[in-house]
Amino acid sequence: DTGVSQDPRHKITKRGQNVTFRCDPISEHNRLYWYRQTLGQGPEFLTYFQNEAQLEKSRLLSDRFSAERPKGSFSTLEIQRTEQGDSAMYLCASSLDAYYGYTFGSGTRLTVV
Amino acid sequence: GESVGLHLPTLSVQEGDNSIINCAYSNSASDYFIWYKQESGKGPQFIIDIRSNMDKRQGQRVTVLLNKTVKHLSLQIAATQPGDSAVYFCAEHNSGGGADGLTFGKGTHLIIQP
């Protein structure tokens, strides 16, 4: 296992387009988290899953953001009708439980032009 | 508001010296803390963690101290090396609000002088 994988590493999109990012967690981790990081700031928690259940989504930035983890393995984060303010690094992390093994991926850098 | 913050945006130390990076948190219900290192263009890398029932934990060249009385966390790096140059974040976990995610501060940029 090579850790948490995110795809793509970089995405440039035009304003108004939809984008989808993928995260593959560490295989034995049942928790998966999405964060957003803007320049010069720490990561900001968005949502998380335990297995396939999305247990927290109130921190998603708007109703344009949605996440899925249909089979409890990989997850996708979709942003609809992108805006320039969505430009950021989107990070995925996974953990064995709430107190062990938080591991981040390398992120997807989104640029909205 | 944000419950985790770092006091110094930049810390410059001489190679070989010890580094101390500080973090203040405001949520007394936080029960777990993690220090991460982030290099440019990469995701945060786990360094060391500590639960709220401990006040000190040591790893290889790193020590985390937790003072719950004043809600203060510090990361000590011994014999700082050029590869330690990065931004360091403290993060806290609090499941009381149901979110169960980590709250990060803004980070301290550690610069190693030769």
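Look up: the structure comes first, before these words.
Here goes a summary of the coordinates provided.

Rules and cut-offs
- Residues numbered from 1 in each chain as written.
- Chains lettered and ligands numbered in written order.
- Predicted model: local features only at pLDDT ≥ 70, side-chain atom pairs only at ≥ 80, totals over all residues.
- Heavy atoms only, no water.
- Helix = DSSP H or I, 4+ residues; strand = E, 2+ residues; numbered from the N terminus.
- Buried < 20%, exposed > 50% of the residue type's maximum accessible area, 1.4 Å probe, protein only.
- Contact = heavy atoms within 4.5 Å.
- Areas by Shrake-Rupley, 256 points an atom, 1.4 Å probe, with all protein chains shown as cover.
- Rg over C-alpha atoms; globule rule 2.2 N^0.38 Å.
- Lys, Arg positive; Asp, Glu negative; His and termini not counted.
- Charge placed at Lys NZ, Arg CZ, Asp CG, Glu CD.
- Pairing = 2+ DSSP bridges.
- Axes fitted to C-alpha atoms, helices over the stretch in contact; angles between N-to-C directions.
- Core = buried A, V, L, I, M, F, W, Y, C linked by side-chain atoms within 4.5 Å.
- Disulfide = S-S within 2.5 Å.

**So, the overall build of chain B**
Here is step 1: Tallying secondary structure elements over chain B gives zero helices and eleven strands in all.
Here is step 2: Secondary structure of chain B in N-to-C order comes out as β-β-β-β-β-β-β-β-β-β-β.
Here is step 3: Expressed as a percentage of its 114 residues, the buried residues of chain B come to 44%.
Here is step 4: A fraction of 54% describes how many contacts in chain B between residues 6 or more apart in sequence connect residues 24 or more apart.
Here is step 5: A total accessible area of about 5,500 Å² is found for chain B, and carbon and sulfur atoms account for 46% of it.

**Let's talk about the overall build of chain A**
Here is step 1: A tally of regular secondary structure across chain A gives zero helices and eleven strands.
Here is step 2: Counting from the amino terminus, helix and strand elements in chain A follow one another as β-β-β-β-β-β-β-β-β-β-β.
Here is step 3: In terms of overall size, chain A behaves like a compact globule, its C-alpha atoms giving a radius of gyration of 13 Å where 113 residues would be expected to give roughly 13 Å.
Here is step 4: C-alpha atoms of chain A, sized along the principal axes, occupy 35 × 25 × 25 Å.
Here is step 5: Across the 113 residues that make up chain A, the buried fraction comes to 48%.
Here is step 6: Long-range contacts, defined as pairs at least 24 residues apart, comprise 53% of the intrachain contacts of chain A with a sequence gap of at least 6.
Here is step 7: Put simply, chain A shows about 5,600 Å² of open surface, and 44% of that area lies on carbon and sulfur atoms.
Here is step 8: For chain A, the distance from the average site of its 14 positive side-chain charges to the average site of its 13 negative ones is 6 Å.

**Description of the sheet that holds strand 7 (residues 65–68) of chain A**
Residue and element names in this part refer to chain A.
Here is step 1: Read across the sheet, four strands follow the order 1-3-8-7 without closing on themselves; strand pairing throughout is antiparallel. The strands lining the two open edges of the sheet, one partner per strand, are strand 1 (5–7) and strand 7. Across the sheet, the axes of successive neighbouring strands diverge by a mean angle of 15 degrees, strand direction being ignored.
Here is step 2: Bridge count between strand 1 and strand 3 (residues 19–24): three bridges; the pairing is antiparallel. Directly across from Q6, in strand 3, lies its bridge partner C23.

**Section: the nonpolar core**
Here is step 1: B:W35, B:L73, B:L75, B:Y88 and B:L110 are the most contacted members of the largest nonpolar core, which totals 20 residues.
Here is step 2: Going through the elements one at a time, strand 2 (10–14), strand 3 (19–25), strand 4 (32–38), strand 5 (45–51), strand 7 (62–67), strand 8 (72–77), strand 9 (86–93) and strand 11 (108–113) of chain B are the ones with two or more residues in this core.
Here is step 3: In this structure, A:F21, A:I79, A:C92 and A:V112 belong to the second largest nonpolar core, which totals 19 residues.

**Details of the state of the cysteines**
Here is step 1: Under the counting rule described, the total for this entry stands at two disulfides over all chains.
Here is step 2: Note on cysteine connectivity: A:C23 is disulfide-linked to A:C92, with sulfurs 1.9 Å apart. Handedness here is read from the sign of the S-S torsion; for A:C23 and A:C92, about -70 degrees, the answer is left-handed. Of this pair, A:C23 sits in strand 3 while A:C92 sits in strand 9 (residues 88–95), placing them 69 residues apart in sequence.
Here is step 3: Given the relative accessible area of 0%, A:C92 is considered buried.
Here is step 4: Across the disulfide, B:C23 is cross-linked to B:C90 (sulfur-sulfur distance 1.8 Å). Because the sign of the S-S torsion sets the handedness, a value of about 50 degrees for the bond joining B:C23 and B:C90 places this disulfide among the right-handed ones. Of this pair, B:C23 sits in strand 3 while B:C90 sits in strand 9, placing them 67 residues apart in sequence. By the burial criterion, B:C23 is buried, and B:C90 matches it.

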